[in-house]
Amino acid sequence: MASMVPPIPTADDKNADVKVDYSNLPCPIPFEELHREAMMSLKPELFEGMRFDFTKMLNQKFSLNHSVSMGPTEVPSQSAEIIKIPTANYEFGATVIDHPKMLLMGRALTDGRVTARVKYDLTENLTVKANAQLSSEPHASQGIVNFDYKGKDYRTQIQLGNGSLLGASYIQSVTNHLSLGGEVFWTGQHRKSGVGYAARYNTDKMVATGQIASTGMALLSYVQKVSDKVSLATDLMCNFNSMSRDVTASFGYDYILRQCRLRGKVDSNGVCAAFLEERLNMGLNFILSAELDHKKKDYKFGFGLTVGE
């Protein structure tokens, strides 16, 4: 009778029976956003000095933006000592959002810079994106146009920019969790070209990404979702074509509390950073920013207010 009882399937047996449906794979994220979860923790929007942002919604699609910032700016120096001069800027902007089809955004600063961003969905799968920046400084103006196509289980992009910039990328879902991709680019102004490859593995609890390019840059990142409110991230960046073979490792965190969000990092160069967004009231946020570079003895602190949604 014992020989007639079937064995109880284990977890490994159940996973072995699950087969990948290659005809119904998920669509991957864009190639340029492969490390977006890690960058949320490791690359917060740090600033120095004071910042005040005000957003006024005129209707459901149109809003005006005002931003005032005051703080020091680093200037190039021949010595190892860091030289800073006090600066102040005012920024005026307008945003038009026809969700989800169109996005128009423009910004004008008192230092002479003008930036614009356009996103428009030509079809359900084809999107055009354009970014432009005009500056009074010579050779500082630039413009880039992207054509993004979203397939069932893949994404591809063609990029055109000033300086004879040509680029293309493609990323394909291989399984339900693994996607592979590559990119090529050519800059006619600098006579440089490059090829890059990337892999991304993601589940509900973690994201692991690796990227390498012929320019000499390699980047590995890993994000672990501890809970719905806590995420830990780490990355390793290496420039193996440089003479010094620069290698930088970073560890960061993203902690979402009831009324605030805290992000920060520490890296192998001795730089510690933290960014706090505290919600004081509906439409009113308080911001604190800090960056400590112990090796260069450069310490940056900032605070600000954001009014409006």
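Note that this is a predicted model, so its numbers are computed, not measured. (Residues numbered from 1 in each chain as written. Predicted model: local features only at pLDDT ≥ 70, side-chain atom pairs only at ≥ 80, totals over all residues. Heavy atoms only, no water.)

> Describe the pattern of salt bridges, and please don't skip the residues or the numbers.
Enumeration according to the criterion identifies 18 salt bridges in this entry. When the shortest N-O distance is used, the salt bridge between D254 and R261 registers 2.6 Å. Looking at R261, the relative accessible area reads 25%, which means it is partly exposed. The salt bridge involving K265 is made with D267; its shortest N-O contact spans 3.9 Å. (Salt bridge = Lys/Arg side-chain N within 4 Å of Asp/Glu carboxyl O. Buried < 20%, exposed > 50% of the residue type's maximum accessible area, 1.4 Å probe, protein only.)

> Which residues make up the packing of aromatic side chains, and what values do they have?
By the definition in use, this model includes two aromatic pairs. When the ring of Y149 is compared with that of Y154, the centres are 6.3 Å apart and the planes differ by 35°; the resulting orientation is tilted. Taking the relative accessible area as the measure of exposure, Y149 reaches 35% and is therefore partly exposed. A residue is classified by how much of its surface remains accessible, and Y154, at 25% relative accessible area, is partly exposed. Looking at R51, its charged tip hangs above the ring of F47, at a distance of 4.5 Å from the centre. (Phe/Tyr/Trp six-rings, centres within 6.5 Å; stacked < 30°, edge-to-face > 60°. Lys NZ or Arg CZ within 6 Å of the ring centre and 35° of its normal.)

> With reference to specific residues and values, describe the layout of surface pockets.
Where empty space is left can be seen by rolling a probe of water-molecule size over the atoms. Here the largest pocket is characterised by a volume of approximately 1100 Å³. Along its surface, the largest pocket is lined by 44 residues, and E45, R51, D53, S67 and E91 are the ones closest to its centre. For the lining of the largest pocket, the secondary-structure elements that each account for two or more residues are strand 1 (49-57), strand 2 (62-75), strand 3 (83-98), strand 4 (102-109), strand 17 (271-281), strand 18 (284-293) and strand 19 (298-307). With eleven residues, the single largest contributor to the lining of the largest pocket is strand 2. Class assignment of the residues belonging to the lining of the largest pocket gives a composition of 15 nonpolar, 15 polar and 14 charged. Estimates place the volume of the second largest pocket at around 390 Å³. What lines the second largest pocket is a set of 23 residues, among which K119, T127, K129, D148 and R155 lie closest to the centre. Listed by contribution, the elements that provide at least two residues to the lining of the second largest pocket are strand 4, strand 5 (114-121), strand 6 (126-134), strand 7 (142-150), strand 8 (154-161) and strand 9 (165-173). Considering only residue class, the lining of the second largest pocket consists of nine nonpolar, six polar and eight charged. (1 Å grid on protein atoms, 1.4 Å probe; cavity = no way out; pocket = protein on both sides within 12 Å on 5 of 7 lines; lining within 4 Å. Points joined across faces, edges and corners; volume = space filled by probe spheres on them. Helix = DSSP H or I, 4+ residues; strand = E, 2+ residues; numbered from the N terminus. Nonpolar A, V, L, I, M, F, W, Y, C, P; charged D, E, K, R; others polar.)

> Which residues make up the nonpolar core, and what values go with them?
Listed in full, the five residues of the largest apolar core are A38, L42, V207, V223 and A233. Apart from the residues within four sequence positions on either side, A233 is in contact with A38, S41, L42, Y222, V223, S250, F251 and G252. (Core = buried A, V, L, I, M, F, W, Y, C linked by side-chain atoms within 4.5 Å. Contact = heavy atoms within 4.5 Å.)

> So what's going on with a nonpolar patch on the surface? Residues and values would help.
A cluster of nonpolar side chains, contributed by F52, F54, V68, M70, Y90, F92, L280 and L305, occupies part of the molecular surface with about 630 Å² of accessible area. Put simply, the parts of the chain that give the nonpolar patch at least two residues each are strand 1, strand 2 and strand 3. Relative to the helices and strands, L305 resides in strand 19. (Patch = residues over 30% accessible without salt bridge, like charges linked within 9 Å, V, L, I, M, F, W, Y side chains within 5 Å. Areas by Shrake-Rupley, 256 points an atom, 1.4 Å probe, with all protein chains shown as cover.)

> Report on the pairing of strand 15 (residues 247-256), specifying residues and quantitative values.
Where strand 14 (residues 230-239) lies against strand 15, nine bridges are found, and the strand directions are antiparallel. For A233, the partnering residue across the bridge sits in strand 15 and is G252. Two elements, strand 15 and strand 16 (residues 260-267), share seven bridges in a ladder whose sense is antiparallel. Residue pairing in the sheet places G252 in a bridge with K265 of strand 16. Two successive antiparallel strands, strand 15 and strand 16, enclose a turn made up of three residues. (Pairing = 2+ DSSP bridges.)

> Describe in detail the side chain of S173, supporting the description with residues and values.
By the secondary structure assignment, S173 is in strand 9. For S173, the side chain forms a polar contact with the main-chain oxygen of P26, separated by 2.6 Å. Excluding anything up to four places from it in sequence, S173 contacts L25, P26, C27, P28, D153, L178 and S179. (Polar contact = N/O pair within 3.5 Å; in protein donor to acceptor, adjacent residues only side chain to side chain.)

> Outline the pairing of strand 6, listing residues and values.
In terms of strand pairing, strand 5 meets strand 6 through eight bridges, oriented antiparallel. Counted as the bridge partner of T115 is Q133 from strand 6. Where strand 5 folds back onto strand 6 in an antiparallel hairpin, the turn is made up of four residues. Pairing between strand 6 and strand 7: eight bridges, direction antiparallel. Across the sheet, the residue bridging to N131 is I144, located in strand 7.

> Any details on the side chain of T306? Residues and values, ideally.
With respect to the helices, strands and loops of the structure, T306 is situated in strand 19. Relative accessible area serves as the criterion here: at 18%, T306 is assigned to the buried category. Excluding residues within four positions of it along the chain, T306 makes contact with D53, G283, L284, N285 and I287.

Purely spatial values, then, with no claim about function.
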